[in-house]
Amino acid sequence: MFLVLRDGTGFLQCVLTENQCKTYEALLLSTESSICVYGTLNAVPEGKTAPGGHELNADYWEIVGRSPAGGVDNLLNVESNPDVMYQNRHMWIRGENMSKVLKVRHAAIKAFRDHYYDRDYVEVTPPTMVQCQVEGGSTLFKFNYFGEEAYLTQSSQLYLETCIPALGNVYCIAQSYRAESSHTRRHLSEYTHIEGELPFITFAELLDALEDLICDTAQRILDSKYGAIVLDVNPNFKIPARPFKRMNYTDALVYLKEHNITKEDGTYYEFGDDIPEAPERKMTDMIGEPILLCRFPREMKSFYMQPTPEDENLTESVDLLLPNVGEIIGGSMRIHNEQTLAEGFKREGISPENYYWYIDQRKYGTTPHGGYGLGLERYLMWVLQCNNIRETCLYPRTADRCKP
């Protein structure tokens, strides 16, 4: 009897012979049972194959934890529909493919921390229960905080900005939440947000920092012990060449028109229109390389984004678009003038009352600064060529699922 053992570090084929296969426990053995095996580790005979090229020839074995008859197939199998798989996510993560994704996710988080450490960033841990919005009130999860209205954070950016006068370059790796009823392949209600803020930089230097972040972390993953998993899952993965293509929002509108990429009603995208996921991804896939899409109209972006020197109706903003995924980073230079920030609050209809601490950053020694937020799950979609963002996290939270 041949068994494949798994302990989280890898796989090992085990061989039970003769009377070892005739016991009551052997007859009832099913998938996902836990067993303990004692024996001799040998190279597999010539012409045979096994994980790692070795197999364990058992001398003695015993049951540690029995699985029901039929094993895990009682709950799900390769033919199960997605709802069944997500309902039984606790068993799905035991599968080989999901295990590979979670190991690469682990390697990616370490790669980001090592990248920041080597470039003298300081990690901080901002709160995730807040009383101010960052990306628009319509996507806030609200709750009662001891009699006061509060929200789950959309982004830690504002808190990171308060740290840069004391610490210089800072970053955080934290959960963020968006209460938007999106059912696309790249949206989650809860995701891991990697955010950085950098003082005393220009917009051009911010773009260079994003290039460095993507290329360096991807190289670190490939150089790690999990690099072989990346190439096993996505054999065509390569570190993108630098510099990344720079493209202004207005140039993107021209590209879409020239390539007949239209709205659903057949009309072309005009200045001030948000470019949705499908046309954005189509453009990115046609160009076939990373794009730093820059200088969006002020009315499309958040209250804190710095206007461009050339045109106050445009912002020093950027989205990083990657083939097969689309946007994985959003960033900008931040407004550092108190009066300009006040105008941003007014334009967006936001009361500055709960932002007194954010406004103080402009009163007491303001500096030019910029930053960004990267969605780890979208980054992993790019590295592993996953079709759906739900494949890249442990227990996905979406508009229609908050369990298990």
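Up top is the structure.
Worth saying up front: this structure is predicted, and the values here are computed from it rather than measured.

Looking now at the overall build of the protein. Along the protein, the regular secondary structure elements total twelve helices and 15 strands. For the protein, the proportion of its 404 residues judged to be buried stands at 47%. Considering only residue pairs separated by 6 or more positions, the protein has 67% of its internal contacts joining residues 24 or more positions apart. When the accessible surface of the protein is totalled, it reaches about 20500 Å², and 50% of it is carbon and sulfur.

This part covers the sheet that holds strand 2 (residues 11-15). Strand order across the open sheet formed by four strands is 1-2-4-3, with mixed pairing between neighbours. Looking at which strands have only one partner, the edges of the open sheet turn out to be strand 1 (2-6) and strand 3 (34-43). Each adjacent strand pair in this sheet contributes to an overall mean axis angle of 45°, direction not counted.

Moving on, we come to the packing of helix 10 (residues 338-348) against helix 11 (residues 356-363). For the pair helix 10 and helix 11, the least separation of the axes is 9 Å and the interaxial angle reads 150°. Between helix 10 and helix 11, the crossing angle belongs to the class labelled roughly antiparallel. Contacts from Glu338, Leu341 and Phe345 in helix 10 reach Tyr358, Ile359, Arg362 and Lys363 in helix 11. Split by residue class, the contact of helix 10 with helix 11 holds four nonpolar, no polar and three charged.

For the structure on display, the rule yields zero disulfides. You can see cysteine 294 has no disulfide; the closest cysteine sulfur is in cysteine 215, sitting 16 Å from it. Classification of cysteine 294 by relative accessible area gives buried; the value is 1%. Not engaged in a disulfide, the cysteine cysteine 402 finds its nearest cysteine sulfur in cysteine 393; these two sulfurs lie 12 Å apart. In this structure cysteine 402 comes out as exposed when scored by relative accessible area, which is 62%.

Attention now moves to the environment of leucine 320. Checked against the element boundaries, leucine 320 lands in strand 13 (residues 317-322). For leucine 320, a relative accessible area of 0% gives the class buried. Sequence separation of leucine 320 and glutamate 270 is 50 residues, and the distance between their C-alpha atoms is 21 Å. For leucine 320, the residues in contact, after removing those within four places along its chain, are Ile214, Phe244, Pro290, Ile291, Leu292, Gly326, Glu327, Ile328 and Ile329.

Rules used in this analysis
- Residues numbered from 1 in each chain as written.
- Predicted model: local features only at pLDDT ≥ 70, side-chain atom pairs only at ≥ 80, totals over all residues.
- Heavy atoms only, no water.
- Helix = DSSP H or I, 4+ residues; strand = E, 2+ residues; numbered from the N terminus.
- Buried < 20%, exposed > 50% of the residue type's maximum accessible area, 1.4 Å probe, protein only.
- Contact = heavy atoms within 4.5 Å.
- Areas by Shrake-Rupley, 256 points an atom, 1.4 Å probe, with all protein chains shown as cover.
- Pairing = 2+ DSSP bridges.
- Axes fitted to C-alpha atoms, helices over the stretch in contact; angles between N-to-C directions.
- Parallel < 35°, antiparallel > 145°, perpendicular 65-115°, else oblique.
- Nonpolar A, V, L, I, M, F, W, Y, C, P; charged D, E, K, R; others polar.
- Disulfide = S-S within 2.5 Å.

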